[in-house]
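# Geometric and topological summary
What follows is each chain in one-letter form.
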Amino acid sequence: MADEPYVVVIGGANVDIEGRCSTPPLPHESNPGAVAISAGGVGRNIAANLAATGLQTHLVTALGEDDHGQLIYNRTSTSGVDLSSVLWTSQHPTATYLSIIDANGELLMAVNDMAITAVVDRKAIAARAELLRHARVVVVDCNLNDEALDEITSLSPTVFVDTTSVAKAPRIRPYLDRIHTLKPNRAEATALTGIDIHNTATARIAAQRLLDAGVATVYLTLGPDGVVWADQEGGGGFLSAPQIHALSTTGAGDAFTAALVRGFCNLTGPDELIELATEQAAAITTELTPGLQ
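Basis of the calculations
- Residues numbered from 1 in each chain as written.
- Predicted model: local features only at pLDDT ≥ 70, side-chain atom pairs only at ≥ 80, totals over all residues.
- Heavy atoms only, no water.
- Salt bridge = Lys/Arg side-chain N within 4 Å of Asp/Glu carboxyl O.
- Helix = DSSP H or I, 4+ residues; strand = E, 2+ residues; numbered from the N terminus.
- Buried < 20%, exposed > 50% of the residue type's maximum accessible area, 1.4 Å probe, protein only.
- Pairing = 2+ DSSP bridges.
- Axes fitted to C-alpha atoms, helices over the stretch in contact; angles between N-to-C directions.
- Contact = heavy atoms within 4.5 Å.
- Parallel < 35°, antiparallel > 145°, perpendicular 65-115°, else oblique.
- Left-handed = near helix turned anticlockwise from the far one by under 90°.
- Nonpolar A, V, L, I, M, F, W, Y, C, P; charged D, E, K, R; others polar.
- Phe/Tyr/Trp six-rings, centres within 6.5 Å; stacked < 30°, edge-to-face > 60°.
- Core = buried A, V, L, I, M, F, W, Y, C linked by side-chain atoms within 4.5 Å.

### Regarding the pattern of salt bridges
The final tally for this structure, using the stated rule, is seven salt bridges. Between aspartate 150 and arginine 122 there is a salt bridge, with the nearest N and O atoms lying 3.1 Å from each other. Here arginine 122 lies in helix α3 (residues 122–126) and aspartate 150 lies in helix α5 (residues 146–155), a separation of 28 residues in the sequence. By relative accessible area, arginine 122 is classed as partly exposed at 32%. For arginine 133, the salt bridge goes to glutamate 130, with nearest N and O atoms at 2.7 Å. One end of the pair, arginine 133, and the other, glutamate 130, are both in helix α4 (residues 129–133), three residues apart, so they sit about a helical turn from each other. Residue arginine 133 is classed as partly exposed on the basis of its relative accessible area of 45%.

### Some thoughts on the sheet that holds strand β7 (residues 95–101)
Here four strands make up an open sheet; going across it, the order is β3-β2-β7-β8 and the pairing mixed. Of all the strands in the sheet, the pair left with one neighbour each is β3 (33–40) and β8 (107–113). Looking at each pair of strands side by side, their axes are set apart by 15° on average, direction ignored. Of the strands in this sheet, β2 (14–21), β3 and β7 touch helix α2 (residues 67–78), which is tilted by about 70° from β3.

### Some words on the sheet that holds strand β9 (residues 137–141)
Sheet strands line up and pair through hydrogen bonds in the backbone, either parallel or antiparallel. Spatial strand order, β4-β1-β9-β10-β11-β12-β13-β14: eight strands in an open sheet with mixed pairing. Strand pairing shows two members of the sheet lacking a second neighbour, β4 (56–60) and β14 (236–239), which therefore form its edges. In this sheet, adjacent strand axes meet at a mean angle of 15° when their direction is disregarded. With four bridges connecting them, β9 and strand β10 (residues 159–162) associate as parallel partners. Following the sheet pairing, valine 139 is matched in β10 by phenylalanine 160. Packing of helix α7 (residues 200–212) onto the sheet brings it into contact with β11 (181–183), β12 (217–221), β13 (227–231) and β14, and relative to β12 it is tilted by some 150°.

### Some words on the packing of helix α1 (residues 42–52) against helix α8 (residues 252–265)
Direction vectors running N to C along α1 and α8 enclose 50°, while the axes themselves pass 8 Å from each other. Judged by the inter-axis angle, α1 sits oblique to α8. Considering only the axes of α1 and α8, their crossing is right-handed. Facing Val42, Asn45, Ile46, Asn49 and Leu50 of α1, the residues of α8 in contact are Asp254, Ala255, Thr257, Ala258, Val261 and Arg262. In terms of residue class, the contact of α1 with α8 is built from six nonpolar, three polar and two charged.

### As for the packing of aromatic side chains
Under the definition given, this model contains three aromatic pairs. With a centroid separation of 5.6 Å and an interplanar angle of 45°, the aromatic rings of tyrosine 73 and tryptophan 88 are classed as tilted. Taken as a pair, tyrosine 73 in helix α2 and tryptophan 88 in strand β6 (residues 87–89) lie far apart in primary sequence, 15 residues in all. Taking the centre distance of 6.4 Å and the plane angle of 25° together, the rings of tyrosine 219 and tryptophan 229 count as stacked. Here tryptophan 229 lies in strand β13 and tyrosine 219 lies in strand β12, a separation of ten residues in the sequence. Take tyrosine 219 and tryptophan 229: they sit in the same class, and that class is buried.

### Overview of the nonpolar core
The biggest cluster of nonpolar side chains holds 48 residues, and the ones touching the most others in it are Val8, Ile10, Leu132, Val140, Ile152, Ile172 and Leu182. Broken down by element, this core gets its largest block of residues, five residues, from α7. In this structure leucine 132 touches Val8, Ile10, Ile125, Val138, Ile152, Leu155 and Ser156, once residues within four positions along its chain are discounted.

Structure, rendered in structure tokens:
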């Protein structure tokens, strides 16, 4: 193991195919716009963001033995991420995320083909146990299956979780008492707690319910309405979001999670940490070029 502190990110890596409408979209029609192809995936994006800050970052993910897998590998290694722990497989094609973005930069709909993530199973994690045990932080996304999440949260005492999506967030529920830091958005927190989050008051209630389930620290993002945070020591607060014109919200949550990890490694205080994370997320939404964020 390296003497320098490092972070391990475990999760999805996929090719992003983004269609951006240039006019108000019409359903069941061919809409004018632009299409971009880039390297993406929650885990991959977080790892690329962390490596860009100079933090030694290992990515554990599965790539198919195909052109898309090579594209992700090439673009991610260029960003400085250590890919020596990647699992290559011919059993599945490389994961693909197909999204449609409206003219205001908001996600209209997406389809994800993430079957390959099943390759990152308990056996694969156990084979990398020493890498996880010595990491400063282990970051996971909820693309992983139950057995992988169980193994990871048993190996590391400092697990940060990005809940990824409404459909996948509940996968982490059995392991909440093993989580150091949980970062859900409004909809994902609702899926985990059953609380209808419509303002900061209900967000605080949801955050407390997650603390009651054993999570050490919660950062609940509310999009343009800001961030609510709370921890087991009785700390907590709220930070409003900066007012910006978002070209795209894609990748903002991944940038926020990466900034939380970076701040934690730098021993940044909670309020300053959230401010840093919010600034990073805002910067991503105003970028025109997707992919290596």
